[in-house]
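# Architecture and fold: a report
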Amino acid sequence: MGEESESTNLVKNLLKVVQELGEIEIDNVTLDVEQLELIIQPIVSSMISGARPPQLSAKQAQIQQLLEAKYATPLEQYPGRVVEVQLGATRSEGGSRGSVVKIGGERTMPFYSFEAENPNRPAFAMDIFDMPLSLAKMVKMHYEDVMTDPAAWAKRCVEFGADVVSLNLISTDPLLNDTSPQTAAKTVEQVLQAVDVPIIIGGSGNKQKDPIVLEAAASAAAGERILLNSANTDNDHKRIVEAANKYGHSVVAFTPMDVNNAKKLNKTLLSEGLPKDHIVIDPTTAALGYGIDYTISIMERIKLAGLLGDEDLQMPVLAPASNAWGAREAWMKNEDIGPRELRGPLWETITLLTAMLAGGDIFMISHPATTRVAKGLVQDLLGKTAKGGVVEDWVTALG
């Protein structure tokens, strides 16, 4: 037993040296034998097999490394925050709205709930006009009987789920009906009496007349905290700002696809006395297939700049997704690219979804299916949808 123990200890010591050094080289040893027989004792075999891990090929080692890798979600903490803008005012706040809509307030990018909880969901405004106009057939079929009555048109939009009604006073255009600002203001009053959701008021796009029309609309809606659409670098934005401040409204700051111009206009409006939480940025929304990649870039840059601390870009973003109907692929009759009854709202929905993921806070919509599907998508993206749903359901919901 003593010799065996001594032998075992010797083997253990030798193995330890081999493990530490990898090999043993013996110098100046002479073996003068006629026959040499090496006998590996069982204990040595077991110790060797236990001491050495199985050898892996380089490829196997890489796979093993991947299997053992741990993923940690990269998290950003932004020093800035987008301001919150309230649309509408209840009776206790001096208005007559049944509810208000708050947009903005972000601490992180849209739907990055693993980084921070943004306080407000996207809001959806549906377009109405103060006179009948040419619309895509798939849109017009839902409003044809109310297009001569803006108040009834507004009610229809609320029935379709609109959070906000966007009234466009296009009849004031001197090249159309040249409706007076006073008559336009009466239309504003009729719409405010017909529905109790917040209102956006837009002009005709005429840079000389719009400030006068918006001023009259602001007076008619005093205390209702409407959103005047819009101030830009070409019109009398100072007059619009003064009306907004006098009657307690907010203003859309519109610039076409340029972050620097958006920043410059915001600085101007702020210098004219418009509070930061009364400004909504409209950087222009291009339709799917018509430059939507520029929309993604512009909106993301604005949102990130605000979160990173640029105080001149810390305002919510408005995105007119209804611009999608300007793309002929949305409405033209061509069965080779699918039925336009489905293709149209799908075009508008994709445009909206893209802008929503890029940083949009409030959206203008024409088709009722877009509003319905967009609200469901928000629930999905916030993880509020009941389990068991099918991702493709949002497409079939357009029908």
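Further up the page is the structure itself.
Overview of the structure. Note that the structure is a prediction, hence the values are computed from the model and not measured. (Residues numbered from 1 in each chain as written. Predicted model: local features only at pLDDT ≥ 70, side-chain atom pairs only at ≥ 80, totals over all residues. Heavy atoms only, no water.)

## So, the overall build of the chain
Assigned secondary structure in the chain consists of 14 helices and 10 strands. The buried share of the chain, reckoned over its 399 residues, is 45%. For the chain, restricting intrachain contacts to residue pairs at least 6 apart in sequence, the fraction spanning at least 24 positions comes to 70%. (Helix = DSSP H or I, 4+ residues; strand = E, 2+ residues; numbered from the N terminus. Buried < 20%, exposed > 50% of the residue type's maximum accessible area, 1.4 Å probe, protein only. Contact = heavy atoms within 4.5 Å.)

## Notes on the pairing of strand S5 (residues 199-202)
Working note: regular strand, side chains alternate between the two faces of the sheet. Side-chain alternation along S5 places Ile-199 and Ile-201 on one buried face and Ile-200 and Gly-202 on a second face that is also buried. Read as a crossover between parallel neighbours, the route from strand S4 (residues 164-168) over helix H6 (residues 181-194) to S5 is right-handed. The pairing of S5 with strand S6 (residues 227-231) spans 3 bridges and is parallel. Looking at the pairing, Gly-202 lines up with Asn-229 of S6. The β-α-β motif built from S5, the intervening helix H7 (residues 210-220) and the parallel element S6 has right-handed crossover chirality. (Right-handed = clockwise from strand over helix to strand, strands pointing away. Pairing = 2+ DSSP bridges.)

## A closer look at the sheet that holds S4
Overall, parallel pairing links the 8 strands, which are arranged S8-S7-S6-S5-S4-S3-S10-S9 in an open sheet. At either margin of the open sheet sits one strand with a lone partner, and together these are strand S8 (279-282) and strand S9 (318-320). Strand-to-strand twist across the sheet, computed as the mean angle between neighbouring axes with direction ignored, equals 25 degrees. The pairing of strand S3 (residues 123-129) with S4 spans 5 bridges and is classified as parallel. Residue pairing across strands places Ala-125 opposite Val-164, the latter belonging to S4. (Axes fitted to C-alpha atoms, helices over the stretch in contact; angles between N-to-C directions.)

## Side note on the pattern of salt bridges
Within the structure shown, the criterion is met by 11 salt bridges. The salt bridge involving Arg-97 is made with Glu-224; its shortest N-O contact spans 3.1 Å. On the criterion of sequence distance, the pair formed by Arg-97 in the loop between strand S1 (84-87) and strand S2 (101-104) and Glu-224 in the loop between H7 and S6 is long-range, its members being 127 residues apart. For Arg-97, a relative accessible area of 3% corresponds to the buried category. A salt bridge links Glu-159 to Arg-156, with the shortest nitrogen-to-oxygen separation between them at 3.9 Å. Separated by 3 residues within a single helix, Glu-159 and Arg-156 lie in helix H5 (residues 150-159), roughly one turn from each other. Salt bridges sharing common partners tie together Lys-263, Lys-267, Asp-310 and Asp-312. (Salt bridge = Lys/Arg side-chain N within 4 Å of Asp/Glu carboxyl O.)

## Considering the pairing of strand S10 (residues 362-365)
Here S10 shows two buried faces, one formed by Ile-362 and Met-364 and the other by Phe-363 and Ile-365. Pairing of S3 with S10, which is carried by 4 bridges, proceeds in the parallel orientation. Bridge pairing in S10 links Phe-124 to Phe-363. Here S9 runs beside S10; their pairing, made up of 3 bridges, is parallel. Along S10, the bridge assignment pairs Ala-319 with Phe-363.

## Concerning the environment of Tyr-112
Relative to the helices and strands, Tyr-112 is located in the loop between S2 and S3. Take Tyr-112: its relative accessible area is 37%, and that puts it in the partly exposed class. Tyr-112 sits 270 residues away from Leu-382 along the chain, and the two C-alpha atoms are 9.0 Å apart.

## Some words on the layout of surface pockets
Each pocket or cavity is described by its volume, and for the largest pocket that value is around 700 Å³. As for the largest pocket, its lining consists of 30 residues, and the residues nearest its centre are Asn-168, Gly-203, Asn-229, Asn-323 and Met-364. Looking at the lining of the largest pocket, the elements that each hand over two or more residues are S3, S6 and S9. Partitioned by chemical class, the residues of the lining of the largest pocket number 10 nonpolar, 15 polar and 5 charged. (1 Å grid on protein atoms, 1.4 Å probe; cavity = no way out; pocket = protein on both sides within 12 Å on 5 of 7 lines; lining within 4 Å. Points joined across faces, edges and corners; volume = space filled by probe spheres on them. Nonpolar A, V, L, I, M, F, W, Y, C, P; charged D, E, K, R; others polar.)

## Re the environment of Asp-293
Summarising the element assignment, Asp-293 is placed in helix H10 (residues 292-307). The spatial distance from the C-alpha of Asp-293 to the C-alpha of Thr-354 is 9.1 Å, given a sequence separation of 61 residues.

## Comments concerning the packing of H5 against H6
At a closest axis distance of 8 Å, the pairing of H5 and H6 adopts a crossing angle of 35 degrees. In this structure, H5 meets H6 at a crossing whose hand is right-handed. Taken together, the residues of H6 that come into contact with H5 (itself represented by Pro-150, Ala-151, Ala-154 and Lys-155) are Thr-187, Gln-190, Val-191 and Ala-194. Broken down by class, the residue content of the contact of H5 with H6 amounts to 5 nonpolar, 2 polar and 1 charged. (Left-handed = near helix turned anticlockwise from the far one by under 90°.)

## Considering the environment of Ile-199
When you line up the elements, Ile-199 lands in strand S5. On the basis of relative accessible area, Ile-199 is assigned to the buried category, the value being 3%. Through-space distance from the C-alpha of Ile-199 to that of Val-188 is 9.0 Å; in sequence the pair is 11 residues apart. Ignoring any residue separated from it by four or fewer positions in sequence, one finds Ile-199 in contact with Arg-97, Val-164, Val-165, Val-191, Leu-192, Ile-226 and Leu-227.

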